[in-house]
Amino acid sequence: MSKQNGSATRNGKKHVSDESREYSVGEDLRQRGVSRRDFLKFCSAVTAALSLPVSFAPKVAEALDEIKRPPLVWLEFQDCAGNTEALLRAANPTAAEIVLDILSVDYHETIMAAAGHQAEAALDKSITDYKGKYICVVEGSIPMKDGGVYGCVGGKSFLDLARKVCGGAAATIAVGTCAAYGGIPAAVPNPTGAVSVKEAVPGATVINLPGCPVNADNLTATIVHYLVFGKIPALDAFGRPLFAYGKRIHDNCERRPHFDAGQYVEQWGDDGHRKGFCLYKMGCKGPLTFHNCPSQRYNEKTGWPVGSGHGCVGCSEPAFWDSMGPMYKRLPEVHGFGIEAMADKIGIGLAVGTAAAFAVHGAIMAINKDREPGDTTREG
Amino acid sequence: MARIVIDPITRIEGHLRIEAQVDGGRITDAWSSSTMFRGIEKILKGRDPRDAWYWTQRFCGVCTTVHSIASIRAVENALKIKIPPNAQLIRNIIIGIQNVQDHVIHFYHLHALDWVDITSALKADPGASSKLASSISDWPNNSATYFKEVQDRFKAFVASGRLGPFANAYWGHPAYRLPPEANLMAAAHYLEALEWQKDVIKIHAILGSKNPHPQTFLVGGMAIPIDPDSQNALNADKLIEIKRLLKKAQDFVENVYIPDLLAVASYYKDWAAIGGGEGNFLCYGEFTDAGGNQWFPSGVIVNKDITKVLPVDQKKIAEYVDHSWYDYMEGQGKGLHPWNGESEPHYTGPKPPYQFLETDKKYSWVKAPRYNEQPMEVGPLARVLVAYASGHKEAKEAVDMVLGKLGVGPEALFSTLGRTGARGIDCLLNARQTPKWLDELIGNISKGDYRIHANTLWDPSEWPAEASGYGWHEAPRGALGHWIRIKDKAIFNYQAVVPSTWNASPRDAKGQRGPYESALVGTPLADPDKPLEILRTVHSFDPCLACAVHVTDVAGNEMVKVKVC
């Protein structure tokens, strides 16, 4: 496990590359003038993002010290580049650090300098040289209908590319709801037969990071988790890491006390809206949505939808485009508690009460442990 | 005579392919093709019109606010909803900073590497970069030590032998002309801009929860409440943070972007005579004030004649599918207005994997929009030209400043370089104007006006049985329009005609080329295997292709379509 012997190993296996001139991520950062202090600060931030105890930070640092810039290829299919843009907003680490210092981003159409056949050659080289060792990130769904004519790069269909590239990756991270579950192109009537990465390449090891778009901090935390522990994080029934999607928005919402107290926004801009009351009556889908938005937030923790006065739309849930709408219609069968006196009772039976009221997916998860992540037939 | 293909065109949004015919070191013909189709439009039909902004926002994650804006405007126009002044001002601030941030990212991260050779930066004398940088700007990061740090970072990166996103590019190409010190300065600012963009766009997170895809738009107003006495609303703390970020944005644009743009342009003045295209321009106008006037004027310019700005008449817009993979019910050869648009997809191209498209037949998922039967270029150049030709004070000053510093006349604007320069001018105008919208908003709040939503007509039960409308917006990439028909509280018909559809369009019924295609004709090509020059001209338009795709309902003539940005 020591870098002094010239080849970093992890879990007894040779990792990523044996080119002896390569530095570990930690060494690399130091070479580039990143102080040890800043490096440790980054490790602490990542540790927090992974919901690990603070005591894990040194372990993260130690592991990163041994990992050499692993190759990453980023494929864009039926996408809007929203997840790429999210990556550009990342702060821990920043996009520049990811690209220059931490990973070797060998293919990413939106940022790479090369174009045309030179770009294709860069992709081929990376996936050949690092077969079975590179990380693949996919953004966008994959159209299956009509022989894949609805999406091509360099004359090749998205499906062929996905099979080739995801098939040879150590792990594939499906970023955003389109790659994870088909997303908006797969919404009814799904004109192009769009599917998720897991559905298109069932044999690939896929981690789903849904959200529209993905929260960049969850993406970097997932990559670091993989680098540090040498395995993918624990996933829920929909292929999502528990560290980021293990809890319901409603249960972590800063406005939850107002829900419990029966204090709701009734009209945009009314007194309740200004005071930060619960948005349930304005159609908030937080009660059905599993995501760490309330704590992780966006843009360096600047904001998140409910915090800015608009309800959650459920964007990290499979098939949310069809199952969660209309956006401003309140969820059915959610009992408004109405009176303060109810609060105690709710407090006692919180988890059970919420589960019963919301047809929760925690329960579905328990029942359907074996269900394929691509299966979107859950109830809402 | 050779046929060359660039696919993927990288450093853009979306999937774009260019095929070009090359003869005697010049491009003699070109074809622009979008190779990705999603068909989101079909999905919109029958849904709540109040949700459309959220769906259409997903056309594009780069210009991530523009479809929301056009969409809510279309619904408000259809239902005749008048939004409160604060909502208008908040939208203006969101639009303003979107334009500023988007243009800077385009210049440094999508376009710069067409002009800047990063490998040459490794050979630069950091002292010379410092001297150059200090001669054009008093930006604090101008020291030799600073440039040496950046150079060392790139050197260490290159020494690793793994160039990541910088591998396999056209480095060392004879068309690169900057001296090493200018390349190093630009490389440093590439990294600085990357940091800067994630900071300034926090304005969207403050006003709209997050970026990309801010979640704050509402038909009838905005979802961010205003209350100086609440911690859950737009208060003094948040307003002052927006003010700080707007200043940071303006500082960077004035002291880094514009000086860099002028410095780089001064080495490539021959590109002021390349890539001009047909010279027709369309601008919808933007930034409506309380009196209903637009700060950026709307207008049409035909055949590079800036002595005449014609009014825009939406009835003159039509889309053709003669070279696009769609069928029209009454056959092709005729354009359809967005109200009556159809987009039944019908792929007739080669089966993948393929080498070439059949460019004499249909070859793109983008339709061909035409104004008065003519192709139109849209974008910052159109916006700046229309403003300049209309005598807009600030635009005129900025244009004259840039032209003066480069020692060229207004005719230089009709070119690849002019398009890139106009984007800088547009950015500067937005960066200077947006703080004024904020001041106005603060003024309203201090007078006790906290209204952010119209409230009337939020409930669909108050709507008429049928309504139709359209919403226009000047997105970073140009004229964007959404057209909507509402029937029985639901979307009956929805269509967007977006900037990159105008610019990336294939040929129409008359065989007239789209703007990318026209602009490429005549472009010199030093090495057909490394077509750097094609990237320069195509990138000067800032392509955004995810957008450019339609679909319609399978069931008869109830069309629903939308494209994007």
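Source: prediction; values computed, not measured. (Residues numbered from 1 in each chain as written. Chains lettered and ligands numbered in written order. Predicted model: local features only at pLDDT ≥ 70, side-chain atom pairs only at ≥ 80, totals over all residues.)

Participant: Would you explain the pairing of strand β2 (residues 16–23) of chain B in this entry?
Facilitator: Residues and elements named next belong to chain B. Relative to β2, strand β1 (residues 2–6) is paired through five bridges, and the arrangement is antiparallel. Within β2, the position partnered with Val-5 by the bridge is Glu-19. Relative to strand β3 (residues 26–34), β2 runs antiparallel, the two sharing eight bridges. In the strand pairing of β3, Leu-16 is matched with Ser-34. Count of turn residues in the β2/β3 antiparallel hairpin: two residues, of which Gly-24 carries a positive phi of about 60°. (Pairing = 2+ DSSP bridges. Helix = DSSP H or I, 4+ residues; strand = E, 2+ residues; numbered from the N terminus.)

Participant: Would you mind going over the sheet that holds strand β11 (residues 206–209) of chain A with me for this structure?
Facilitator: Within a sheet, adjacent strands bond to each other through the backbone by hydrogen bonds, running parallel or antiparallel. All names here are of chain A. Overall, parallel pairing links the five strands, which are arranged β4-β3-β5-β9-β11 in an open sheet. The two strands at the open ends of the sheet, each matched to only one other strand, are β4 (104–108) and β11. When the angles between neighbouring strand axes are averaged without regard to direction, this sheet yields 20°. Two elements, strand β3 (residues 71–76) and β4, share four bridges in a ladder whose sense is parallel. Note that in β4 the partner of Trp-74 across the bridge is His-108. Across the face of the sheet, helix α7 (residues 158–167) comes into contact with β3, β5 (135–139) and β9 (171–175) while running at roughly 150° to β5. (Axes fitted to C-alpha atoms, helices over the stretch in contact; angles between N-to-C directions. Contact = placed C-beta atoms within 7 Å.)

Participant: Hey, could you run me through the interface of chain A and chain B in this one?
Facilitator: Where the parts come together, the accessible area they lose is often given as the size of the interface. Chain A puts 81 residues into the contact, and the matching count from chain B is 84 residues. Of all elements in the fold, only α4 (82–88), α5 (95–102), β4, α6 (116–129), β7 (152–153), β8 (156–157) and α14 (271–275) of chain A reach the threshold of two or more residues within the side of chain A that touches chain B. In the side of chain A that touches chain B, the residues fall into 38 nonpolar, 30 polar and 13 charged. (Nonpolar A, V, L, I, M, F, W, Y, C, P; charged D, E, K, R; others polar.)

Participant: It is not clear to me how the nonpolar core should be interpreted in this structure. Could you clarify?
Facilitator: Nonpolar side chains tend to gather and get buried jointly when the protein is soluble and globular. Val-138, Ala-162 and Val-197 of chain A are the most contacted members of the largest nonpolar core, which has 292 residues in total. Apart from residues lying up to four places away in sequence, Ala-162 of chain A is in contact with Val-138, Ile-142, Val-197, Ala-200 and Val-201 of chain A. (Core = buried A, V, L, I, M, F, W, Y, C linked by C-beta atoms within 7 Å. Buried ≥ 20, exposed ≤ 12 C-beta atoms within 10 Å, placed from the backbone.)

Participant: Looking at this model, I keep getting lost on α7 of chain A. Mind explaining?
Facilitator: Turning to α7 of chain A, its buried residues are Phe-158, Leu-159, Leu-161, Ala-162, Val-165 and Cys-166 of chain A. The buried residues of α7 of chain A occupy an angular sector of 155° when the element is viewed end-on, so they sit on one face. (Arc of directions from axis to C-beta.)

Participant: In this structure, what is going on with helix α10 (residues 216–229) of chain A? I would like to understand it.
Facilitator: Think of an α-helix as turning once every 3.6 residues; residues three or four places apart then point the same way. All names here are of chain A. A rise of 1.5 Å per residue sets the reference length of α10, with its 14 residues, at 20 Å; its end C-alpha atoms lie 20 Å apart and thus fit the reference within 8%. When you tally the buried positions in α10, you get twelve out of 14 residues, the bulk of the element. Within α10 the residues assigned to the buried category are Ala-216, Asp-217, Asn-218, Leu-219, Thr-220, Ala-221, Thr-222, Ile-223, Val-224, His-225, Leu-227 and Val-228. Looking one or two residues beyond α10, the residue adopting positive phi is Gly-230, at roughly 70°. (Expected span 1.5 Å × (residues − 1).)

Participant: What am I meant to see in unusual backbone geometry here?
Facilitator: Working note: non-glycine residues mostly have negative phi, and peptide bonds are mostly trans. Cis peptide bonds are those with omega within 30 degrees of zero, and the linkage from Cys-212 of chain A to Pro-213 of chain A qualifies with 0°. Position of Pro-213 of chain A relative to the elements: it lies in the loop between β11 and α10. Across the junction of Asp-7 of chain B and Pro-8 of chain B, the peptide omega takes the value 5°, indicating a cis bond. Backbone geometry at Asn-190 of chain A places phi at a positive 45°, although glycine is not the residue there. With respect to the helices and strands, the residue Asn-190 of chain A is situated in the loop between α8 (176–181) and β10 (194–195). With 20 C-beta atoms packed within 10 Å, Asn-190 of chain A lands in the buried category. The backbone of His-213 of chain B shows a phi angle near 60°, a positive value even though the residue is not glycine. By the secondary structure assignment, His-213 of chain B is in the loop between α9 (202–208) and β4 (217–218). By the C-beta count within 10 Å, which is 27 here, His-213 of chain B ends up buried.

Participant: Explain the domain arrangement of chain A to me, please; I cannot follow it from the model alone.
Facilitator: All names here are of chain A. Taken domain by domain, chain A holds domain 1 (68–233) and domain 2 (249–367). Tallying the contact residues gives 13 residues for domain 1 and twelve residues for domain 2. Taken together, the elements giving at least two residues each to the side of domain 1 that touches domain 2 come down to α8 and α10. Class assignment of the residues belonging to the side of domain 1 that touches domain 2 gives a composition of seven nonpolar, four polar and two charged. (Domains from an automatic or database assignment.)

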